[in-house]
Amino acid sequence: MKHKLTFLKGCPFIDYGEGLMFIDSGMSISIADKGAIGFDGVTERVPQEYGPVNTLVLSDWFGQPVAGVIGGNLLMRNPIMIDYQAGLIVTHYDGPVGTMIGKTMTGYPMVELSIDGSRCQCFIDTGAQYSYIQPSMIKGKEFRERVVDCKWGAPGNRFQADLHSTHFTCNGVEYEVSCGALSTKDAPNLNRIGISGVIGKDFFDHHTIVIKNGAVYAGK
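Here the structure is a predicted model, which is why all the values come from computation and not from measurement.

### A closer look at empty space enclosed by the protein
Right, on to step 1. Enumeration according to the criterion identifies one cavity of 30 Å³ or more in this entry.
Right, on to step 2. Estimated volume of the largest cavity: approximately 30 Å³.
Right, on to step 3. For the lining of the largest cavity, the class distribution of residues is three nonpolar, two polar and two charged.

### Looking at the pattern of salt bridges
Right, on to step 1. One pass over the structure, following the stated rule, counts eight salt bridges.
Right, on to step 2. A salt bridge links Arg158 to Asp60; the nearest nitrogen and oxygen atoms lie 2.9 Å apart. With Arg158 in strand E16 (residues 158–170) and Asp60 in helix H1 (residues 55–62), this pair connects stretches of sequence that are 98 residues apart.
Right, on to step 3. Accessibility expressed as a relative area gives 33% for Arg158, which makes it partly exposed.
Right, on to step 4. Judged by its relative accessible area of 35%, Asp60 is partly exposed.
Right, on to step 5. Note that Arg119 is salt-bridged to Glu112, the shortest N-O span being 4.0 Å.
Right, on to step 6. A single network of salt bridges, built from pairs that share partners, joins Glu142, Arg144 and Glu176.

### With respect to the environment of Asp83
Right, on to step 1. Relative to the assigned elements, Asp83 resides in strand E9 (residues 80–83).
Right, on to step 2. By relative accessible area, Asp83 is classed as buried at 15%.
Right, on to step 3. Taking the C-alpha atoms as reference, Asp83 lies 6.6 Å from Ile209; in sequence the two are 126 residues apart.
Right, on to step 4. The contacts of Asp83, once residues within four sequence positions are left out, are Leu5, Leu88 and Thr208.

### Quick word on the pairing of E16
Right, on to step 1. Pairing analysis gives two bridges linking strand E12 (residues 108–115) to E16, with the strands arranged antiparallel. What sits directly across from Ser114, in E16, is Thr169.
Right, on to step 2. Sheet topology places strand E15 (residues 143–150) next to E16; seven bridges connect them, and they run antiparallel. Each bridged residue has a counterpart across the sheet, and for Phe143 the counterpart in E16 is His164.
Right, on to step 3. Two elements, E16 and strand E17 (residues 173–181), share seven bridges in a ladder whose sense is antiparallel. Within the sheet, the bridge partner assigned to Ser165 lies in E17 and is Ser178.
Right, on to step 4. Between E16 and E17, which pair antiparallel and follow one another directly, the connecting turn spans two residues, one of which, Asn171, has a positive phi of 55°.

The rules we used
Residues numbered from 1 in each chain as written. Predicted model: local features only at pLDDT ≥ 70, side-chain atom pairs only at ≥ 80, totals over all residues. Heavy atoms only, no water. 1 Å grid on protein atoms, 1.4 Å probe; cavity = no way out; pocket = protein on both sides within 12 Å on 5 of 7 lines; lining within 4 Å. Points joined across faces, edges and corners; volume = space filled by probe spheres on them. Nonpolar A, V, L, I, M, F, W, Y, C, P; charged D, E, K, R; others polar. Salt bridge = Lys/Arg side-chain N within 4 Å of Asp/Glu carboxyl O. Helix = DSSP H or I, 4+ residues; strand = E, 2+ residues; numbered from the N terminus. Buried < 20%, exposed > 50% of the residue type's maximum accessible area, 1.4 Å probe, protein only. Contact = heavy atoms within 4.5 Å. Pairing = 2+ DSSP bridges.

See below:
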């Protein structure tokens, strides 16, 4: 089933008649103001919020009403293709998958890539406007810009991040991005499981992704 994407601040949304739904592979749960999501032909009950995760923050950050979040539990339960260039998500995907570049780890899509020449494993997150890597990997890099990013909790939550020039290579594709440093809370937790960063729209802008049977592919 094909779902047309709408992008706000580089992040993907779909609207199948119940309002804008944020597509977030970096969340393991889904939420909706109505307490249910009718995604992909199946209606399921979901919480209206989950801890600090709520639609009030998203509506405030994106500047228009957001009705819910489709997280990984619904997004990746069947084979899926994510193509930012075509502006599409295809669920129950049965086409060519391309080259295997990673796997799902604890329910999150993880890929292998080279960051400034070093081989790394990173989570990829459709819900991330900016990419963040281990602080030790930022040291000595050229400063690019200071940005404001969204933080879960109450409307108006923000934090500032300094972005630095970084080079990615994955599946033979090389490109430059601007990365920030993971927080002092997230960095050690991810480092313990061998994860170098959380990569957002930078990655999806350059790769079509297929997630199928626990594996992540760079699609064709």
